[in-house]
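# Descriptive structure summary
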Amino acid sequence: MSDLTTVARPYAKAVFELAIETSKTDSQSLKRWAATLDFLARLVEENKIQTFLKKPQSALKIAEKIIELSGDQLDKQGQNLVKIMTENGRLILMPIVFKEYKSLVDKHFAIAEVSITSAFPLNQVQQQKIAQAMEKKLAQKINLNCSVDKSLLAGIVIRTDDMVIDGSSLGQLQKLARNLQL
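Read on for a plain summary of the structure. Just so it is clear, the model here is predicted, and its values are computed rather than measured.

Parameters and conventions
- Residues numbered from 1 in each chain as written.
- Predicted model: local features only at pLDDT ≥ 70, side-chain atom pairs only at ≥ 80, totals over all residues.
- Heavy atoms only, no water.
- Helix = DSSP H or I, 4+ residues; strand = E, 2+ residues; numbered from the N terminus.
- Rg over C-alpha atoms; globule rule 2.2 N^0.38 Å.
- Buried < 20%, exposed > 50% of the residue type's maximum accessible area, 1.4 Å probe, protein only.
- Contact = heavy atoms within 4.5 Å.
- Areas by Shrake-Rupley, 256 points an atom, 1.4 Å probe, with all protein chains shown as cover.
- Lys, Arg positive; Asp, Glu negative; His and termini not counted.
- Charge placed at Lys NZ, Arg CZ, Asp CG, Glu CD.
- Pairing = 2+ DSSP bridges.
- Axes fitted to C-alpha atoms, helices over the stretch in contact; angles between N-to-C directions.
- Expected span 1.5 Å × (residues − 1).

### A closer look at the overall build of the chain
If you tally the helices and strands in the chain, you get eight helices and four strands. Tracing the chain from N to C terminus, the helices and strands come up as α-α-α-α-α-α-β-α-β-β-β-α. Taking 16 Å as the expected radius of gyration for a compact globule of 182 residues, we find that the chain reaches 21 Å, considerably beyond that expectation. Each principal axis of the C-alpha distribution contributes one length, and for the chain these read about 60 × 40 × 30 Å. A total of 182 residues make up the chain; the buried ones form 33% of that total. Nonlocal contacts in the chain, meaning residues at least 24 apart in sequence, comprise 67% of its contacts between residues at least 6 apart. Carbon together with sulfur atoms contributes 53% to the accessible area of the chain, which is approximately 11800 Å² in total. In the chain, the 25 positive side-chain charges and the 20 negative ones have mean positions that sit 4 Å from each other.

### As for the side chain of Thr 36
Turning to its location among the elements, Thr 36 is positioned in helix H2 (residues 29–45). Residue Thr 36 is classed as buried on the basis of its relative accessible area, which comes to 8%. Residues in contact with Thr 36, not counting those within four places in the same chain, are Gln 73, Leu 74 and Gly 78.

### Structural notes on the sheet that holds strand E1 (residues 111–118)
Pairing within the open sheet is mixed, and its four strands lie in the order E2-E1-E3-E4. In this open sheet, the two edge strands, each paired with only one partner strand, are strand E2 (141–148) and strand E4 (163–166). Taking the axes of each pair of neighbouring strands and ignoring which way they run, one obtains an average angle of 15° across the sheet. Relative to E4, strand E3 (residues 156–160) is paired through four bridges, and the arrangement is antiparallel. Opposite Arg 159, over in E4, you have Val 164 as the bridge partner.

### Focus: helix H6 (residues 94–108)
Taking 1.5 Å of rise per residue, 15 residues should cover 21 Å, and H6 covers 21 Å from first to last C-alpha, within 8% of that figure. The set of residues buried in H6 consists of Met 94, Ile 96, Val 97, Phe 98, Glu 100, Tyr 101, Val 105 and Asp 106. Just downstream of H6, Ala 110 is the residue with a positive phi angle, here 55°.

Below you can see the structure in the form of structure tokens.
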């Protein structure tokens, strides 16, 4: 996966830099590019499109079909991105390009992605308290992604970049088991 990310990153960076440059005269540029990349990522993940992309055919034919299917979703720059990525055989990487683009935008605006997995759904107050604590700890704005995993038994696991805070019962039991084996 990291090899694919390495290949996709220059496209994401180029789009991000173009969006930043354009944002000087168009305040919606970053959002518009995010919407374009999201649309293209979802499009190339469709089973029929995956099958179409695997057929032996010219890059021009592939690009024309994707642009045609996109309709009004793509402006001229979006169409050019499709053409370039198709010519280089990289259109299939669009979901990774979109993910990398979002990461660049988040870094630009100092927003950290924080994933919280809990044994039971967290209410709004609990989410807010965790977000405030993480904003203070990371000195960044936080974008929370909450999910439920009943196998945790109780508690929560918080993940962001290279940090994991495991406050789950399952995590504590596993830690105890490892210590007993020593």
